[in-house]
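# Residue-level structure breakdown
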Amino acid sequence: MKPQNLNQLLVYSFFLLFLSSCNNIFEIDADVQARQALLDLTEIQEKFYQENHKYATRLADIEKYNLKYHSGIVYLEIEKATKESYRAIALPAESTTARVFAYDTDQGGFYEMEQDEVSRYVLGALNHIREEKQIKQLSEVTGWILMAGMVFLGLRFFSRYRSKENNSALWAYLLCLPPMGWSVALLTNIEANVVFTSTITQYTWGGLVFALLALVLGSSWFMKNKNHPAPLIGLAASTLGVSLLSAGVMFYMLKTFA
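Residues numbered from 1 in each chain as written. Predicted model: local features only at pLDDT ≥ 70, side-chain atom pairs only at ≥ 80, totals over all residues. Heavy atoms only, no water.

Before going further, it helps to examine unusual backbone geometry. Its identity as a non-glycine residue notwithstanding, His53 has a phi of 60°, on the positive side. Mapped onto the elements, His53 comes out in the loop between helix H2 (29-52) and strand E2 (74-81). Looking at His53, the relative accessible area reads 54%, which means it is exposed. For Ala98, which is not glycine, the phi torsion reads 55° and is therefore positive. One can find Ala98 in the loop between strand E3 (86-92) and strand E4 (101-104). (Helix = DSSP H or I, 4+ residues; strand = E, 2+ residues; numbered from the N terminus. Buried < 20%, exposed > 50% of the residue type's maximum accessible area, 1.4 Å probe, protein only.)

And the structure:
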């Protein structure tokens, strides 16, 4: 692979990882329950419409469909309904994330509200929640800046020491970076009320594989080469340390939560 193509691949991969971090990967249980309750309601509304040629205006109208949700955790309401349209909302009864879900037939169906609309439903602690989110986002941005610096460092080593003998050490370093970033994300976001979803499980297994692969490549470089360039020794030592720590974090998370 040409250095220019390699640089492009790493930049694109970093960009995709950054975009994925912006999604709500780590969700608390109350938000998951609120969203599911609303989706269940929409299915029941369609059944109700097929039978009555109109939408239900109150939750009491659909009692026979046995809509199950924990009313102490989730606040669910049909805000308005006509013969041909309706709007319903769902959110945690005591929101700590300021996430509100809505289903509005006039607005295309299901969506998650933006901040300007959220303020109508989340009261009291909204400013505190937003401050906590801003602090968390600042920490994430700082982490990504550090990751970018480490990627840049790896590319510098790649351009300077790339050879048949050193490629395994260089690739080991680059491979250990995604597991490191993901392990930091796990340590930062996993709490007792966070749902360890299948997506998180898949990412964690993938990160564990990358970390172990980095360990194998880095170790093999140490064993196969006698005359190591001093800068590469430091790089490889860092790779092995980071890979071990990352693998340990992800193994613990999988054993504890998966």
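Read on, since the account is not over.
Between helix H5 (residues 167-189) and helix H7 (residues 230-257), the shortest axis-to-axis distance is 8 Å and the interhelical angle comes to 35°. You can see that H5 and H7 cross each other, and the crossing is left-handed. Counted together, Leu170, Ala172, Tyr173, Cys176, Pro179, Met180, Trp182, Ser183, Leu186 and Leu187 of H5 and Leu232, Leu235, Thr239, Val242, Ser243, Ser246, Val249, Met250 and Met253 of H7 form the full contact between these two elements. For the contact of H5 with H7, a count of residues per class yields 15 nonpolar, four polar and no charged. (Axes fitted to C-alpha atoms, helices over the stretch in contact; angles between N-to-C directions. Left-handed = near helix turned anticlockwise from the far one by under 90°. Contact = heavy atoms within 4.5 Å. Nonpolar A, V, L, I, M, F, W, Y, C, P; charged D, E, K, R; others polar.)

Now for the pattern of salt bridges. Here the structure, examined in full by the defined rule, presents eight salt bridges. Among the salt bridges present, the one from Glu79 reaches Arg87, with a minimum N-O distance of 2.7 Å. Using a relative accessible area of 29% as the deciding quantity, one classes Glu79 as partly exposed. Arg87 gets classed as buried once you look at its relative accessible area, which sits at 5%. (Salt bridge = Lys/Arg side-chain N within 4 Å of Asp/Glu carboxyl O.)

To continue, consider the pairing of E2. Sheet analysis places E2 next to E3, joined by seven bridges and oriented antiparallel. Looking across to E3, one finds that Glu77 is bridged to Ile89. Hairpin connection from E2 to E3: four residues lie between these consecutive antiparallel strands. (Pairing = 2+ DSSP bridges.)

What follows covers the sheet that holds E2. Two modes of strand pairing occur in sheets, parallel and antiparallel, and in both the strands are linked by backbone hydrogen bonds. Ordered by their spatial adjacency, four strands build an open sheet running E2-E3-E4-E5, and the pairing between neighbours is antiparallel. For this open sheet the edge positions go to E2 and strand E5 (109-112), each flanked by a neighbour on one side alone. Across this sheet, the average inter-strand angle for adjacent strands is 15°, counted without regard to direction. On top of the sheet, H2 reaches E2, E3, E4 and E5; it is set at about 160° to E3, its chief contact.

A few words on the side chain of Thr204. Along the chain, the position of Thr204 falls in helix H6 (residues 198-224). When its relative accessible area of 0% is taken as the criterion, Thr204 is described as buried.

It is worth spelling out the packing of helix H4 (residues 126-161) against H5 at this point. Following both chains from N to C, one finds H4 and H5 inclined at 170°, their axes separated by 10 Å at the closest point. With respect to H5, the element H4 is oriented roughly antiparallel. Contacts between H4 and H5 involve Lys136, Glu140, Met147, Met150, Val151, Leu153, Gly154, Phe157, Phe158 and Tyr161 from the former and Leu170, Trp171, Tyr173, Leu174, Leu177, Pro178, Met180, Gly181 and Asn189 from the latter. Partitioned by chemical class, the residues of the contact of H4 with H5 number 14 nonpolar, three polar and two charged. (Parallel < 35°, antiparallel > 145°, perpendicular 65-115°, else oblique.)

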